Amino acid sequence: MKKTLKYQLHDFRTSLFVYLSIYIAVVIIIGVTVISTGAKPGGANVNGYNSMDFSSTIFTFIMGLAIFKEHFWMVAQNGISRKTFFKSCMYCMLIINFILAIATIIFTLIFIQMSGLHWSTMFGLLYSRFDQNIIITFIVSMLFIFSAYNLCFLSGYFVTILFYKASKIGKVVIAAGLPVLFFFILPLSYGFIPEFWNTVLDFIFRITGMASGNPFYGIITISVIAAILGIISYPLAKRVEI
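Residues numbered from 1 in each chain as written. Predicted model: local features only at pLDDT ≥ 70, side-chain atom pairs only at ≥ 80, totals over all residues. Heavy atoms only, no water.

1. Side note on the layout of surface pockets
Next up, step 1: As a volume, the largest pocket reaches approximately 1400 Å³.
Next up, step 2: The wall of the largest pocket is formed by 37 residues, among which F61, L151, C152, S155 and F182 lie closest to the centre.
Next up, step 3: For the lining of the largest pocket, the per-class residue count stands at 30 nonpolar, five polar and two charged. (1 Å grid on protein atoms, 1.4 Å probe; cavity = no way out; pocket = protein on both sides within 12 Å on 5 of 7 lines; lining within 4 Å. Points joined across faces, edges and corners; volume = space filled by probe spheres on them. Nonpolar A, V, L, I, M, F, W, Y, C, P; charged D, E, K, R; others polar.)

Given below as structure tokens:
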């Protein structure tokens, strides 16, 4: 498995380096612009949202989409079992997402120091009432972001396995149906059955801890959903034909 994992990490190394380099460059440009132009009014409390965690969720989702098909052919040709390949994918996910979670928080802190603005992560926006010392906040926010990245990766991994196993009609349904479902049908349905969706949203707020301001509920809920996707994906991956 070590050779497979090494190959996968090496394959994603360039993508990860380019992504982080672009974000660092953007942070530096914005920070220098704010400092040089004095964009922040004196004594004003200016808040903002650091989009790195949002963009990283997209990055990890795409990574989950890409890791199966491209690497599956390689391992199949070299006689590596599907079990070993699946384990290697999970370890690759954990390593890269851990790096991204640490980078998200560190870059946010750097940006705050450079710009003088109060820049929040996704964790800070969702759990603004979580008030602990800096060490606990750092650890908890990192765990939350890390869990979110894992969920996005496994979502992409699950979708790409379904797409790989599907027939031609099934591929069309997945490729066209999912965007239509999430970006058109579900938002439109809120106008017809708002009571139902308000109940669903209230349930989501409760199980993720956003209603109570407890991020540990969110970490557990997201991790459980990610684990379920991983458990479902494993038998599907074992049955994939070359």
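There's plenty left to go through after this.
2. Points about the state of the cysteines
Next up, step 1: Scanning the model with the defined rule gives zero disulfides in all.
Next up, step 2: The thiol of C89 is unpaired, and the distance to the nearest cysteine sulfur, on C92, comes to 7.1 Å.
Next up, step 3: Overall, C89 belongs to the buried group, its relative accessible area being 0%. (Disulfide = S-S within 2.5 Å. Buried < 20%, exposed > 50% of the residue type's maximum accessible area, 1.4 Å probe, protein only.)

3. With respect to the packing of aromatic side chains
Next up, step 1: Applying the stated criterion to the full structure yields twelve aromatic pairs.
Next up, step 2: Measuring from ring centre to ring centre gives 6.4 Å for F130 and F216, while their planes differ by 75°; the resulting arrangement is edge-to-face. With F130 in the loop between α4 (122–126) and α5 (134–165) and F216 in helix α8 (residues 215–238), the pair connects residues that are 86 residues apart, well separated along the chain.
Next up, step 3: On the basis of relative accessibility, which here comes to 16%, the residue F130 falls in the buried class.
Next up, step 4: Overall, the relative accessible area of 42% leaves F216 in the partly exposed class. (Phe/Tyr/Trp six-rings, centres within 6.5 Å; stacked < 30°, edge-to-face > 60°. Helix = DSSP H or I, 4+ residues; strand = E, 2+ residues; numbered from the N terminus.)

All we've got here are geometric facts, nothing functional implied.
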